[in-house]
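Now for the letters of each chain:
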Amino acid sequence: MPHIPSNLRHIESLVEIVASLRGPGGCPWDKEQTHESLTQYAIEETHELVEALELPASDATKDLKMKEELGDVLFQVVLHAQLAAERGAFTLEDVIAGISEKLVRRHPHVFADTQVADSAEVIRNWEEIKKQEKASSAAPSPYALNVPPLPALQKAYKIGKRTEKLKFDWEDMDGVLAKVEEEYQELREALDEGNDSEIEHELGDALFSLAQLGRHVQMEPEQVLRKANQRFENRFNMMVELVEKDQKDFSAMTLEQKEEYWQKAKLLLKKK
């Protein structure tokens with residue numbers, strides 16, 4: 001039976017536990033995992049952490065949920081490091097050293113003599129240091145996008161921020177709205193034609209244009225959509241609660257009947 005560390009508050013204990021999960025007598029599920037199979041969990045755990053971070057400060061469970069979700073994200077980090085260590089690639093210590101060195105290197109105003117006036121100058125220095133770090137490699141064109149992997153809606157926003165800096169953007173809000181309307185019309189035409197590949201294409205263009213509209217009103221679309229998702233989920237659950245309170249069978253109700261309860265749920269949630 002694997003050894004259980006005596007002090008579970010140390011990072012070394014977590015590393016030992018994860019190694020035991022992957023080792024002889026460990027967990028069959030953990031032993032089957034690869035970097036690729038764990039991808040979905042990295043995304044899920046990160047999103048669950050974001051949800052905890054966005055809870056209102058008045059929520060008495062916020063700190064508890066943040067602590068739990070941070071632990072789940074940390075487990076993913078340690079598990080990936082363990083997989084890498086098993087094939088001799090790198091260890092968790094290497095990961096820690098890498099991020100520590102990067103933070104020191106990119107904060108010369110803290111760890112060296114560089115002077116900065118405000119956070120905007122900090123960001124400018126950060127970007128300049130990043131360019132210097134990559135200068136030794138075969139760098140792509142300075143005008144290339146090179147947006148890092150992100151959830152699709154967030155990446156669309158980041159692409160727009162990059163092209164905005166390169167002066168490839170609509171001049172005003174009217175231009176963005178016209179583009180949104182244009183893409184919506186093209187989507188309607190694709191839907192009328194019933195061509196799946198065209199529908200996919202035009203739906204993607206419409207979503208991309210809406211992300212740019214969010215950028216122009218200075219709202220990050222990923223956060224906006226998360227809030228919309230939460231609103232819908234809250235309303236739907238309230239609707240189901242009202243239906244069950246009236247002892248009705250939700251599955252047997254017509255769409256019109258469900259809509260009536262949906263409107264009731266909206267009104268109740270607005271009063272809260």
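These numbers were taken from a predicted model, which means no experiment stands behind them. (Residues numbered from 1 in each chain as written. Predicted model: local features only at pLDDT ≥ 70, side-chain atom pairs only at ≥ 80, totals over all residues. Heavy atoms only, no water.)

A. A look at helix 8 (residues 152-165). Taking 1.5 Å of rise per residue, 14 residues should cover 20 Å, and helix 8 covers 20 Å from first to last C-alpha, within 8% of that figure. Looking only at helix 8, the buried set comprises L153, A156, Y157, I159, G160 and T163. Along the axis of helix 8, the buried residues cluster in a sector spanning 160 degrees; they form a single face. Of the surrounding secondary structure, the elements contacted by the buried residues of helix 8 are helix 10 (196-216) and helix 11 (221-245). Following helix 8 by one or two positions, K167 has its phi on the positive side, about 60 degrees. (Helix = DSSP H or I, 4+ residues; strand = E, 2+ residues; numbered from the N terminus. Expected span 1.5 Å × (residues − 1). Buried < 20%, exposed > 50% of the residue type's maximum accessible area, 1.4 Å probe, protein only. Arc of directions from axis to C-beta. Contact = heavy atoms within 4.5 Å.)

B. How the structure looks around the layout of surface pockets. By volume, the second largest pocket is sized at about 380 Å³. Lining of the second largest pocket is provided by 15 residues; of these, E51, E54, R226, K227 and Q230 occupy positions nearest its centre. For the lining of the second largest pocket, the secondary structure elements donating two or more residues are helix 3 (39-53) and helix 11. Among the residues forming the lining of the second largest pocket, the class breakdown is four nonpolar, three polar and eight charged. (1 Å grid on protein atoms, 1.4 Å probe; cavity = no way out; pocket = protein on both sides within 12 Å on 5 of 7 lines; lining within 4 Å. Points joined across faces, edges and corners; volume = space filled by probe spheres on them. Nonpolar A, V, L, I, M, F, W, Y, C, P; charged D, E, K, R; others polar.)

C. Broad picture of a nonpolar patch on the surface. There is a patch of nonpolar side chains on the surface, built from I11, L74, V77, F90 and V95 and spanning about 340 Å² of accessible area. Mapped onto the elements, L74 comes out in helix 4 (residues 62-86). Residue classification places L74 among the partly exposed residues on the basis of a relative accessible area of 37%. (Patch = residues over 30% accessible without salt bridge, like charges linked within 9 Å, V, L, I, M, F, W, Y side chains within 5 Å. Areas by Shrake-Rupley, 256 points an atom, 1.4 Å probe, with all protein chains shown as cover. Salt bridge = Lys/Arg side-chain N within 4 Å of Asp/Glu carboxyl O.)

D. The arrangement of the nonpolar core in detail. One finds M238, M239, L242, V243, M253, Y261, W262 and A265 forming the largest nonpolar core, which totals eight residues. Elements supplying a minimum of two residues to this core: helix 11 and helix 12 (255-271). No other element matches helix 11, which puts four residues into this core. By size, the runner-up hydrophobic cluster in this structure holds seven residues, among which are V78, L79, L83 and L92. (Core = buried A, V, L, I, M, F, W, Y, C linked by side-chain atoms within 4.5 Å.)

E. Seen up close, a positive patch on the surface. Together, K131, K158, K161 and K165 make up a region of like positive charge exposed at the surface. No other element matches the three residues that helix 8 contributes to the positive patch. Counting through the fold element by element, K158 comes out in helix 8. Residue class for K158 comes out partly exposed when judged on its relative accessible area of 39%. (Lys, Arg positive; Asp, Glu negative; His and termini not counted. Charge placed at Lys NZ, Arg CZ, Asp CG, Glu CD.)

F. Looking closely at the pattern of salt bridges. Overall, the coordinates contain seven salt bridges when judged by the stated rule. A salt bridge links R226 to E54; the nearest nitrogen and oxygen atoms lie 2.8 Å apart. Pair noted here: R226 is in helix 11 and E54 is in the loop between helix 3 and helix 4, with a separation of 172 residues, a long-range link. Residue classification places R226 among the partly exposed positions, given a relative accessible area of 22%. Connected through shared salt-bridge partners, E164, D169 and R215 make up one network.

G. Examining the packing of helix 8 against helix 10 more closely. Viewed as axis vectors pointing N to C, helix 8 and helix 10 meet at an angle of 60 degrees, and their least axial separation amounts to 9 Å. It follows from the interaxial angle that helix 8 and helix 10 lie oblique. In the crossing of helix 8 with helix 10, the sense of the turn from one axis to the other is right-handed. Taken together, the residues of helix 10 that come into contact with helix 8 (itself represented by L153, A156, Y157, I159, G160, K161 and E164) are L207, F208, A211, Q212 and R215. Here the residues of the contact of helix 8 with helix 10 are counted per class, giving seven nonpolar, two polar and three charged. (Axes fitted to C-alpha atoms, helices over the stretch in contact; angles between N-to-C directions. Parallel < 35°, antiparallel > 145°, perpendicular 65-115°, else oblique. Left-handed = near helix turned anticlockwise from the far one by under 90°.)

H. Structural detail: helix 10. For helix 10, spanning 21 residues, the distance from its first C-alpha to its last is 30 Å, which sits close to the expected 30 Å at 1.5 Å a residue. Looking at helix 10, one finds that the buried residues are I199, E202, A206, S209, A211, Q212, L213, G214 and R215. Those residues of helix 10 hidden inside the fold are in contact with helix 8, helix 9 (173-193) and helix 11.

I. Quick look at the packing of aromatic side chains. Under the defined criterion, the tally for this structure stands at four aromatic pairs. Note on F232 and W262: the rings are 5.0 Å apart at their centroids and 45 degrees apart in plane angle, and the pair reads as tilted. Residue F232 is found in helix 11, and its partner W262 is found in helix 12; the two are separated by 30 residues along the sequence. Of the residues examined, F232 reaches a relative accessible area of 49% and is grouped as partly exposed. An aromatic cluster of at least three residues, connected via ring pairs, comprises F232, F236, F250 and W262. A cation sits over an aromatic face here: K258 above F250, 4.5 Å from the ring centre. (Phe/Tyr/Trp six-rings, centres within 6.5 Å; stacked < 30°, edge-to-face > 60°. Lys NZ or Arg CZ within 6 Å of the ring centre and 35° of its normal.)

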